[in-house]
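# Report on the structure
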Amino acid sequence: MNIGSEILYLSRADIEEINLPMAEIMDLLEKAYLEKDSGRLDMPPKIDISPAPEAFAHAMPCWLPSMQAAGLKWVGGTPANKSRGLPFLGGLCILNDPESCMPVCVMDCGWITAKRTGAKSGVCARRFARRDSRVMGILGCGEQGYSNLEAVSIALPALEKVLVYNTSPEPAERLASSQSEKLGIPVRAVRSPREVVEESDVLVTAGWISLSARRTVKAEWIRPGATLVPVDLDCMYTPGAMTLCDKYFTDDPAGYERSRSMGFFSTVPERPRELCRALAGRIPGRESDEERIIFLNTGLALDDVSTARRIFELALAAGRGAMLPL
């Protein structure tokens, strides 16, 4: 490509056709978090605006020298999109040539956001869930339900079954019927969130991110040794369930504090430890099979830029996408 005079455009269809494997995304993210721990990256805090109540738009830049990945995700969303027939969020990833700093690629970020969020849950499960974890539970069966199921099933090959629940039963039934055969393990839609939580060794909540969401998960339902991943921030956890946990981790303390200032994580009783430090072995992760560990991740630019860079490389090699003039 002619840097400075053209740019590669990748649609969601292009990205889906490339289909970067989930296992590779997990490895990319773990490598990127080790770079974060070492300080060998440049990643300013998110810049965010809120054009309407419970709506957001985030600018998320990052430079990862080890991957030659420089770029930015510009993403926005609101729960109100459901009534409009739109996805919760949407946006773009923009990549720059690291030598000239000229833009070289712009791509849809929907697939990337879904997959990298699931991949981070997979990394957390791979490194910190009990090795004998047999049951995964999912509350909320939209796109993140599928992504997190894919990643955690890779992270924990000993999984024997998956229980899923959605307030409207049809999405849970679709997820269960489509994924059981694909994964080769039983995925069953159940009638109550309690049934999911009480059996789960690894629990992912993936509902709407909204302060007005119904808080469903109760303390008495969470089993000892559970690994908890609320990808919807803390929107489904009752205060008692949140304070029951033994260890709290976050992907980024600054992002966590920003979310807390907006009203999320209000019942977390202590400042979470930083995920990258645990991945690097500089602070303890899981220390016993009885610990309940929760990951209060908010999403980082390094997740998106590392994934987008690899997709860009594969697209160039395969001749995917459209070259557009600058």
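Worth saying up front: this structure is predicted, and the values here are computed from it rather than measured.

As a further point, take the pairing of strand β4 (residues 69-77). Counted residue by residue, β4 has 7 buried out of 9 residues, so it is predominantly covered. If you look at the hairpin formed by strand β3 (residues 56-64) and β4, you'll find 4 residues sitting between the two strands, and Gln 68 has a positive phi there, around 50°. Pairing of β4 with strand β5 (residues 89-96), which is carried by 8 bridges, proceeds in the antiparallel orientation. If you follow Trp 74 over to β5, its bridge partner there is Leu 92.

For the rest of this paragraph, the subject is the nonpolar core. In summary, soluble globular proteins display a tendency toward joint burial of nonpolar side chains. One finds Met 107, Val 164, Leu 302 and Ile 311 to be the most contacted residues of the largest nonpolar core, which totals 71 residues. Counting 27 residues, the second-largest nonpolar core is a separate cluster that includes Leu 203, Ala 241, Met 242 and Val 268.

Bringing the state of the cysteines into the picture now. Two cysteines whose sulfur atoms are joined by a covalent bond form what is called a disulfide. This model, assessed by the stated rule, comprises 0 disulfides. Cysteine Cys 109 shares no disulfide, and the gap to the nearest cysteine sulfur, in Cys 93, comes to 5.1 Å. Judged by relative accessible area, which is 0%, Cys 109 ranks as buried.

What follows concerns the sheet that holds strand β6 (residues 103-108). The strand order across the open sheet formed by 7 strands is β2-β3-β4-β5-β6-β1-β15, and the pairing between neighbours is mixed. Of all the strands in the sheet, just β2 (47-49) and β15 (322-325) have a single pairing partner and so form its edges. In this sheet, adjacent strand axes meet at a mean angle of 20° when their direction is disregarded. Packing of helix α11 (residues 301-318) onto the sheet brings it into contact with β1 (6-10), β3, β4, β5, β6 and β15, and relative to β3 it is tilted by some 70°.

Quick look at the packing of aromatic side chains now. Under the criterion given, the structure shown has 6 aromatic pairs. Ring plane angle 25° and centroid distance 5.0 Å describe the contact between Tyr 256 and Phe 265, whose orientation is recorded as stacked. Comparing Tyr 256 with Phe 265, the two get one shared label, buried.

So, on to helix α2 (residues 22-38). Taking 1.5 Å per residue as the helical rise, α2 with its 17 residues ought to reach 24 Å, and the 25 Å between its terminal C-alpha atoms agrees with that figure. Of all the residues in α2, the buried ones are Met 22, Ile 25, Met 26, Leu 28, Leu 29, Glu 30, Ala 32, Tyr 33, Glu 35, Lys 36 and Asp 37. Structurally, α2 contributes buried residues whose contacts are with β3, α4 (110-128), α5 (143-155), β13 (273-274), α10 (275-279) and α11. Phi turns positive one or two residues past the end of α2, at Gly 39, with a value near 80°.

Conventions we followed
Residues numbered from 1 in each chain as written. Predicted model: local features only at pLDDT ≥ 70, side-chain atom pairs only at ≥ 80, totals over all residues. Heavy atoms only, no water. Buried < 20%, exposed > 50% of the residue type's maximum accessible area, 1.4 Å probe, protein only. Helix = DSSP H or I, 4+ residues; strand = E, 2+ residues; numbered from the N terminus. Pairing = 2+ DSSP bridges. Core = buried A, V, L, I, M, F, W, Y, C linked by side-chain atoms within 4.5 Å. Disulfide = S-S within 2.5 Å. Axes fitted to C-alpha atoms, helices over the stretch in contact; angles between N-to-C directions. Contact = heavy atoms within 4.5 Å. Phe/Tyr/Trp six-rings, centres within 6.5 Å; stacked < 30°, edge-to-face > 60°. Expected span 1.5 Å × (residues − 1).

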